[in-house]
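# Chains, contacts and geometry: an overview
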Amino acid sequence: PHFTLHIDKPEDGLMCIMFFFIALINGVLTARVRRQERLTKEREERTNALFMLTKELSLAARLDEVLNASRRSIKKYFDLDVIFILQDGQNKLQEYNALTDNEYSVASWSYRYCKKAGKFTDTLPSSKHTYYPLFGATLKTGVVAITLSSRLKGDKDVFWDTYLTQISNAIEREFLNK
């Protein structure tokens, strides 16, 4: 009957094993190609996101335009709401009404030591937000606070750090232009 498997001769058994082996190799290679394609697409999207951010930041003429462009871009590519807490010109963070005293102290610690702090870090992890310092080539410009549902891992963490570097440099440019 059609569509039944019946092996009479040793050659038929060898042929069946060979077909199975070739199908297995094809499956593995196809999975690798798809994974490589996905990684390449993600890398391309991240490169494009950084290009678009750099373009928007270079067109921004004032500090508020830089911050608004940064917020829009972060919302678009990371789906995060951010709070920028900038320095007051005397190397101290400005007061921010939306933060409690405890949250402000975590932000100040992050600013002072140029290390991330808060939720999902080793420093003051009971905080509501995660705080990332914004520092350029010559100035510490402030801190950005985000609320994460899980820790940033791997490539996404590197992408976030690169994003913050671009934003920090644009904010520093505006501080130095004053």
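Below you will find a few notes about this structure. (Residues numbered from 1 in each chain as written. Predicted model: local features only at pLDDT ≥ 70, side-chain atom pairs only at ≥ 80, totals over all residues. Heavy atoms only, no water.)

Here we come to the overall build of the protein chain. Helix and strand counts for the protein chain stand at four helices and four strands. Ordered by position from the N terminus, the helices and strands of the protein chain form the series α-α-β-α-β-β-β-α. Relative to the compact-globule value of 16 Å for 178 residues, the protein chain shows a C-alpha radius of gyration of 26 Å, a clear excess of over 25%. Expressed along its principal axes, the backbone C-alpha trace of the protein chain runs to roughly 90 × 40 × 25 Å. Per-residue burial over the protein chain gives 34% buried out of 178 residues. The contacts of the protein chain with a sequence gap of at least 6 include a subset with a gap of at least 24, amounting to 53%. As displayed, the protein chain has an accessible area near 12100 Å², and 56% of this comes from carbon and sulfur atoms. Across the protein chain, the mean location of the 26 positive side-chain charges is 2 Å away from that of the 22 negative side-chain charges. (Helix = DSSP H or I, 4+ residues; strand = E, 2+ residues; numbered from the N terminus. Rg over C-alpha atoms; globule rule 2.2 N^0.38 Å. Buried < 20%, exposed > 50% of the residue type's maximum accessible area, 1.4 Å probe, protein only. Contact = heavy atoms within 4.5 Å. Areas by Shrake-Rupley, 256 points an atom, 1.4 Å probe, with all protein chains shown as cover. Lys, Arg positive; Asp, Glu negative; His and termini not counted. Charge placed at Lys NZ, Arg CZ, Asp CG, Glu CD.)

It is worth spelling out the sheet that holds strand 4 (residues 140-146) at this point. The four strands are arranged 1-4-3-2 in an open sheet whose pairing can be described as antiparallel. Edge positions in the sheet fall to strand 1 (82-86) and strand 2 (117-118), since each has one partner strand and no second. In this structure, strand 3 (residues 130-135) lies alongside strand 4, joined through six bridges in antiparallel fashion. Note on strand 4: the bridge partner recorded for tyrosine 131 is alanine 145. (Pairing = 2+ DSSP bridges.)

The buried count for strand 4 comes to six of seven residues, which makes it a mostly enclosed element. Examined bridge by bridge, strand 1 and strand 4 share five bridges and lie antiparallel to one another. Counterpart to valine 82 in the pairing with strand 4 is isoleucine 146. Linking strand 3 to strand 4, which pair antiparallel, is a turn of four residues.

Once that is clear, we can look at empty space enclosed by the protein. All told, the structure shown has one cavity of 30 Å³ or more when counted by the stated rule. In this structure, the largest cavity encloses a volume near 40 Å³. Residue lining of the largest cavity: Lys116, Lys119, Phe120, Thr130, Tyr132, Leu148, Arg151 and Leu152, and that is the complete set. (1 Å grid on protein atoms, 1.4 Å probe; cavity = no way out; pocket = protein on both sides within 12 Å on 5 of 7 lines; lining within 4 Å. Points joined across faces, edges and corners; volume = space filled by probe spheres on them.)

Attention shifts here to the packing of helix 1 (residues 10-59) against helix 4 (residues 154-177). Two packed helices can be described by the angle between their axes and the distance between those axes. Interhelical geometry of helix 1 versus helix 4 gives an angle of 10° and a closest axis separation of 10 Å. If you check the angle between helix 1 and helix 4, you find them roughly parallel. In this structure, helix 1 uses Arg46, Ala49, Leu50, Leu53, Thr54, Leu57 and Ser58 to contact helix 4, whose residues at the interface are Asp155, Lys156, Phe159, Thr162, Tyr163, Gln166, Ile167, Ala170 and Arg173. Grouping the constituent residues of the contact of helix 1 with helix 4 by class yields eight nonpolar, four polar and four charged. (Axes fitted to C-alpha atoms, helices over the stretch in contact; angles between N-to-C directions. Parallel < 35°, antiparallel > 145°, perpendicular 65-115°, else oblique. Nonpolar A, V, L, I, M, F, W, Y, C, P; charged D, E, K, R; others polar.)

Turning our attention to unusual backbone geometry. The backbone of phenylalanine 120 sits at a positive phi, close to 65°, despite the residue not being glycine. Topologically, phenylalanine 120 is positioned in the loop between strand 2 and strand 3.

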